[in-house]
Structures are given as C-alpha cells and as structure tokens.
Amino acid sequence: MMGTTGRSVYGLCVHGLDEVEELPPADVLRPGSPSVFVRQTTAEAPPLVRTDLDGGVRVLADGRTLAVDRRRGTATFHGPPLAPDVLAHPYLAPVATIFNRWAGRETFHSGAFVHAGRAWAVLGPRTAGKSSLLTALAARDVPVVADDILVVDGTDVYAGPRCIDLRQPVPGAALPTRTARAGDRLRVGLPPIAARTPLGGWLFLGWGPTPAMTRVTGPDLLARLAGCRSWHHLPTDPTALLSLAALPAWDLARPRDWTALGPTLRLVAETLTAARAVAVSR
C-alpha cells in the first residue's frame, strides 16, 4: 500500500483509487478504520471459492472475477481494465459489503438521505427508482448519504461515493452531470457530507396510484431487514438487527409519473418531521 494516501468511502480506507474525485480523503475517517487495497489485473482468475471469514473468489454479473483477501486487505478484479471512477462506483460496492461484514457491520442494498440530522434508508429492487428519488432530493439541497450500498455500524451509517449514476435524467433536477460507464449512465456529483450520520429509519419503495406512506412495524420489519442484508452466511450479531428493526419504517408508494415527484417528496418530509417530533417528545 506504499505510495497511496487513501480515500474514504463506506467506512473504509480505500487505497489504489487516490485520483477519483468522488471519494473523499481518508482523513475524515476514524483511526483504525478497515483498509483495503483495490487493484485490477488481466491475469487469469483463481478458482471460485465461497467468501468466508478469510477471503473468497466470486464471479460478478458482467463476468469479471473479484478475489478478496482479508488478511492481506486486498480486493483484486480480474478481467478487462476499468476506469478508476467506474471502479469507485459501482464496482466498489461488493468490496464494501464484504470488508464491512468482516468488520462486524451490517450492509444493505440501499440508498439514504438526511432529514433533520438523521439518515433515512431507501430500499427497494433495482427497478424501484432509488437513484431518481435520491437525485430529486439532492436537487432540493437534501444531503444524500449513499446511492447503492448502506453500511450500518451500530446506530450510524457511512457515506458512499459522492455521486449518483442515472439511466435517464430526472426532470426538474437541475444538477450538473457527466457521462459515466462508457456513456451508459449520467453521473450526478454530490457535495461532501459527514463520514458518519445517525440512522433514523427505513423507507421501502414501491409503486402506487398516489403518493402514500404506510407504517411497517414488528416482525414484518425484522423479516424485511433480515432479507435485505448482504452476505447472510457471514456471522452477525442478532441484537444489532433487532435494534435496527426498532427504528421507524414506512412503505413509500408513488405513481410512475414524474409530475408526482414533488407531492411525494413533500409527503416524505411531512411524515418524517411528524415522526421526529413524536420521538423527541417521548
């Protein structure tokens, strides 16, 4: 790891991507944060090995192979070379999930934004519109914590890369963009944010005829969070998941219509503000 100063993302000190502007300097992290050296090679990939407590090898969706080694602190991508900014997002996501799970943290396929000093997780399948919703919030000066992977450490969440990648522009979101991923995405830059933010609760995205929020509680919420966790086979602290399931959560439905975006965001702000006021009064 000589010759690199490190960058900060997902609670990790990442080496090998110092030139990527979407990753803040590593000095914003607490001392002792897990470190990983990210590298890539065209050499033949090692045999597949299930990721365990020491390392593993897995094939990614695009056919590349990722080999991770906990003891050496390395993550090696085997395959055609990728641009550093593409390595940072989205290819750093599987690296972040593995190394953070090894560090005893929970990870979810989720974005998050900040409201009233708390981070609110946004979960849903790939077609649920997480990135477009977060972009609309960013255009309204709402801080975005992460777009793709949410790392939870106790009651805090860590910031992801300072960008969102979109398949298509979000109407009304007057934010500077540039092409990314060989012209396949529009990349929206995000301003700096604190490395850690307290977690406020959960929003599960869905589609419906009108904007609506329905409270999710009890065993239903616990089951959903358990199902959304990354790398289920790695050890976890059951009490940590119970603590996360004690936070407020809603199903957020909205129409597949850009004109409903404004009313949807107002509903979210009003609901979270009311919930926060109730929590503070208790």
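The structure we're discussing is the one just above.
The rules we used
- Residues numbered from 1 in each chain as written.
- Predicted model: local features only at pLDDT ≥ 70, side-chain atom pairs only at ≥ 80, totals over all residues.
- Heavy atoms only, no water.
- Pairing = 2+ DSSP bridges.
- Helix = DSSP H or I, 4+ residues; strand = E, 2+ residues; numbered from the N terminus.
- Axes fitted to C-alpha atoms, helices over the stretch in contact; angles between N-to-C directions.
- Contact = heavy atoms within 4.5 Å.

Undergrad: Honestly, the sheet that holds strand β1 (residues 7-9) in this entry has me stumped. Any pointers?
TA: Within a sheet, neighbouring strands are paired by backbone hydrogen bonds and run either parallel or antiparallel to one another. Pairing in this open sheet of six strands is mixed, and the strands run β1-β2-β3-β6-β5-β4 from one edge to the other. Lying at the two open borders of the sheet, with one neighbouring strand each, are β1 and β4 (55-59). Shown here is a sheet whose adjacent strand axes are inclined to one another by a mean of 25°, direction ignored. Two elements, strand β5 (residues 65-69) and strand β6 (residues 74-78), share five bridges in a ladder whose sense is antiparallel. When the bridges of β6 are listed, A67 appears paired with T76. Docked against the sheet, helix α2 (residues 92-102) engages β1, β2 (12-15), β3 (35-41), β4, β5 and β6, running at close to 25° with respect to β5.

Undergrad: How should I be thinking about the pairing of strand β17 (residues 249-254) in this particular structure?
TA: Successive side chains on a regular strand alternate, one facing one side of the sheet and the next facing the other. Inspection of the sheet shows strand β15 (residues 196-207) paired to β17 by six bridges, in the parallel sense. Opposite F204, over in β17, you have D251 as the bridge partner. Relative to β17, strand β16 (residues 212-215) is paired through four bridges, and the arrangement is antiparallel. In the sheet register, A212 faces β17, and the bridge partner there is A253.

Undergrad: For this particular structure, what's the right way to read the sheet that holds strand β12 (residues 163-166)?
TA: Ordered by their spatial adjacency, three strands build an open sheet running β12-β14-β13, and the pairing between neighbours is antiparallel. Edge strands, defined here as strands with exactly one partner in the open sheet, are β12 and β13 (177-180). Each strand axis lies, on average, 35° off the axis of its neighbour in the sheet, ignoring direction. Where β13 lies against strand β14 (residues 185-189), four bridges are found, and the strand directions are antiparallel. For A180, the partnering residue across the bridge sits in β14 and is R185. The strands touched by helix α3 (residues 130-139) are β12 and β14; relative to β12, the strand with the most contacts, the crossing angle is about 130°.

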